[in-house]
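# Breakdown of the fold
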Amino acid sequence: MNKRFHIKTMGCQMNEYDSDFLAQSLIKNGFSPENEVGQADVILINTCAVRAKPEQKACSFLGRMAGLKEKNPELVVGMIGCLAQMKGKELMKRFPLLDFIMGPRELEKIIDIVGEIYDSRQKIAVTGLKGAPPSPVNCPGYFQNQTSGFISIMEGCNNFCSYCIVPYVRGREHFRPPEDILREAEHLLSEGVREITLLGQNVNSYTWDDPDHWNFSSLLHAMGNLEDLSRLRFTTSHPKDLSDALLGCFQKMDKLAGHIHLPFQAGSNRILKLMRRGYTREEYLEIIEKLRTAKEGIAITSDVMVGFPGETDEDFLLTLDLIQQVEFDSLFSFKYSDREGTPAAKMPDKISKGVKVSRLQRLQDLQSSITLKKNRHLEGRQLTVLVEGTSKKGGQLTGRTSANKIVNFDGDSHLAGKLVEVTIQESYLNSLKGKLTGS
Ligand code: SAH
Ligand code: SF4
Ligand code: F3S
């Protein structure tokens with residue numbers, strides 16, 4: 001019988017990429033995708049462990065699924081990803097419907113594990129962290145009708161920022177060979193993808209074999225030579241590893257989008273030191289200057305958190321001040337949350353929930369006013385938009401500018417995958433509205 005699988009993905013783009021790998025592996029082995037979780041024979045939950053919130057989300061999803069196995073005892077349920085790596089064994093006891101847990105460095109075993117469960121109905125846990133990233137599956141047709149795609153160029157992280165669980169659940173840095181990355185890119189382009197985002201926790205540290213030959217900027221150049229590629233993006237960059245060569249890429253490469261996501265986390269040097277980020281606020285501001293000199297009008301987005309242990313009002317004001325000085329295009333902002341096993345979880349002077357909530361609110365209010373102001377400056381301007389398709393509501397076309405701003409406008413759906421010129425008429429917090437003025 002043809003088995004159907006459903007994958008629920010939580011967490012970052014890395015997990016989305018991993019879920020696509022799992023889906024393609026399953027399809028290649030005769031399984032077919034199923035949108036309705038209740039109709040699936042195999043359910044995979046790809047989880048995140050970076051904060052308490054995604055952890056709760058995964059647990060409540062599992063709670064809701066509990067009844068499904070009573071209806072269908074043959075059902076196979078697996079928890080994948082970072083939370084599976086961090087707490088999988090404990091969660092397997094708490095949620096009896098789980099048949100297996102699988103860490104993010106074990107994805108290549110998916111077919112063997114599902115097969116083994118069908119054969120033996122034994123519970124399985126695989127949580128090795130040494131595995132090299134798998135070679136791409138490149139399942140024909142999987143990415144058809146998609147304008148934008150991801151390619152992971154590395155696994156893991158060596159930075160050990162004091163608050164962060166990622167190095168413990170994803171293991172040490174491990175790069176993928178350039179041939180694999182370029183082969184995967186060729187495949188995506190052959191499917192009709194026109195924009196590729198290179199993914200990694202710290203993409204700037206990319207090297208392969210001879211670092212003078214293969215580093216992050218030479219990889220960007222190699223990608224830029226792919227004829228059918230319209231736009232190239234990458235995420236995430238660590239400020240301490242941002243090289244002059246990368247600044248050169250922004251200057252020279254037409255296809256490289258005018259946007260960088262550069263997490264700063266905090267504006268106070270005392271907190272940055274406790275976070276073990278490896279740069280000061282002054283150094284961060286200097287990098288911003290350099291980026292703006294290299295590429296005029298470059299969009300800069302960032303991650304920041306409030307309520308790190310010991311964060312005083314003064315420290316927090318320095319964070320607001322940095323936001324004010326840089327004027328980010330947008331920000332992902334979080335309340336610090338203890339992650340068991342990280343150094344910060346053991347630090348004294350924890351900040352109360354109430355203080356974190358009010359600091360976050362103040363920070364988000366400030367950023368909203370900056371984002372609105374920056375978006376308003378785009379009104380009346382003509383921008384190049386890569387069309388992604390029709391928007392969920394309203395039937396308009398939707399796409400993104402080089403600066404990664406979402407633009408909605410009227411137009412024909414055959415424009416999907418094309419670069420078009422749109423004049424911006426109205427601006428909002430999370431999107432822009434425009435009129436097609438050239439294609
Ligand atoms: N590799 C990226 C980010 C990975 S995690 C980088 O170096 O910045 C994504 C974001 O989650 C981080 O940038 C940080 O802002 C946030 N984050 C990580 N650990 C956290 C924690 N314990 N509490 C709250 N936010 C956290
Ligand atoms: Fe976490 Fe720091 Fe690595 Fe980013 S660089 S994944 S924040 S340890
Ligand atoms: Fe991503 Fe969450 Fe893991 S942010 S790397 S899925 S802990």
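Further up the page is the structure itself.
Residues numbered from 1 in each chain as written. Chains lettered and ligands numbered in written order. Predicted model: local features only at pLDDT ≥ 70, side-chain atom pairs only at ≥ 80, totals over all residues. Heavy atoms only, no water.

## Topic: the pairing of strand E19 (residues 406–409)
Counted only if it meets this: A strand pair is defined by DSSP finding two or more bridges across the two strands. In DSSP terms, a helix is any run of H or I states spanning at least four residues, a strand is any run of E spanning at least two, and both are numbered starting from the N terminus.
Across four bridges, the pairing between strand E18 (residues 397–401) and E19 is antiparallel. The residue of E19 that forms the bridge with Gly-399 is Val-407. Taken together, E18 and the strand that follows it, E19, pair antiparallel across an intervening segment of four residues, in which Asn-404 is found at a positive phi of about 75 degrees. In this structure, E19 lies alongside strand E21 (residues 432–438), joined through three bridges in parallel fashion. Looking at the pairing, Val-407 lines up with Leu-432 of E21.

## Things to note about the site of ligand 1
Which entries qualify depends on this criterion: Note on terminology: near, applied to a residue and a molecule or strand, indicates that one of the residue's heavy atoms is within 4 Å of it. Any pair of N or O atoms that falls within 3.5 Å is considered a polar contact. Within protein, one atom must be able to donate a hydrogen and the other to accept it, and sequence-neighbouring residues count only if both atoms are side-chain atoms. By the convention adopted, Pro, Cys, Tyr, Trp, Phe, Met, Ile, Leu, Val and Ala count as nonpolar, Lys, Arg, Asp and Glu as charged, and the other residues, Gly among them, as polar. Annotation comment: domain bounds sourced from an automatic or database domain assignment.
Near ligand 1 you find 15 residues, and of these Arg-51, Gln-201, Gln-265, Asp-303 and Ser-337 are the closest. At 2.7 Å from an oxygen atom of ligand 1 is found a side-chain nitrogen or oxygen belonging to Asp-303. Mapped by element, the contributors of at least two residues to the shell around ligand 1 are strand E15 (299–306) and strand E16 (330–335). Taken together, the residues of the shell around ligand 1 sort by class into six nonpolar, four polar and five charged. Counting residues domain by domain, the shell around ligand 1 receives three or more from each of domain 2 (133–257) and domain 3 (290–376).

## Topic: the sheet that holds strand E6 (residues 124–126)
Under the convention used in this document: Should any heavy atoms of two residues lie within 4.5 Å, those residues are considered in contact. A fitted line through C-alpha atoms represents every axis, and for helices the fit uses only the stretch in contact; the resulting angles, taken between N-to-C directions, go from 0 to 180 degrees.
Sheet architecture is open: six strands sit in the order E2-E1-E3-E4-E5-E6, paired in parallel fashion. Of all the strands in the sheet, the pair left with one neighbour each is strand E2 (32–33) and E6. Of the pairings in the sheet, the one linking strand E3 (residues 42–47) to strand E4 (residues 76–81) comprises six bridges and is parallel in character. Directly across from Thr-47, in E4, lies its bridge partner Gly-81. Contacting strand E1 (4–9), E2, E3 and E4, helix H1 (residues 13–28) crosses the sheet at an angle of about 175 degrees to E1.

## Quick look at the packing of aromatic side chains
The geometry of two aromatic rings is summed up by the distance between their centres and the angle between their planes. In plain terms, the rule: Each pair of aromatic rings taken from Phe, Tyr and Trp, with Trp reduced to its six-membered ring, is defined by centres within 6.5 Å and is described as stacked if the planes are under 30 degrees apart, edge-to-face if over 60, and tilted in the remaining cases. Burial classes follow relative accessibility: with a 1.4 Å probe on protein chains only, a residue under 20% of its type's maximum area counts as buried, one over 50% as exposed, and anything between as partly exposed. A ring has a charge above it when a Lys NZ or an Arg CZ is no more than 6 Å from the ring centre and no more than 35 degrees off the ring normal.
If you walk through the whole model with that rule in mind, you get eleven aromatic pairs. On the basis of an interplanar angle of 45 degrees and a centroid distance of 5.8 Å, the ring pair of Phe-264 and Tyr-284 is categorised as tilted. Of the two residues, Phe-264 sits in the loop between strand E14 (259–261) and helix H10 (269–275) while Tyr-284 sits in helix H11 (residues 281–294), which places them 20 residues apart along the sequence. Tyr-284 shares its class with Phe-264; the two are buried. Each ring, one from Tyr-284 and one from Phe-328, has its centre 6.4 Å from the other, and the planes form 50 degrees; the classification is tilted. Of this pair, Tyr-284 sits in helix H11 while Phe-328 sits in the loop between helix H12 (313–326) and E16; the two residues are 44 residues apart in sequence, bridging distant segments of the chain. In textbook terms, an aromatic cluster arises when at least three aromatic residues are bridged by ring pairs, as seen for Phe-264, Tyr-279, Tyr-284 and Phe-328. Just above the ring of Phe-334 sits the side chain of Arg-51; from NZ or CZ to the centre is 3.6 Å.

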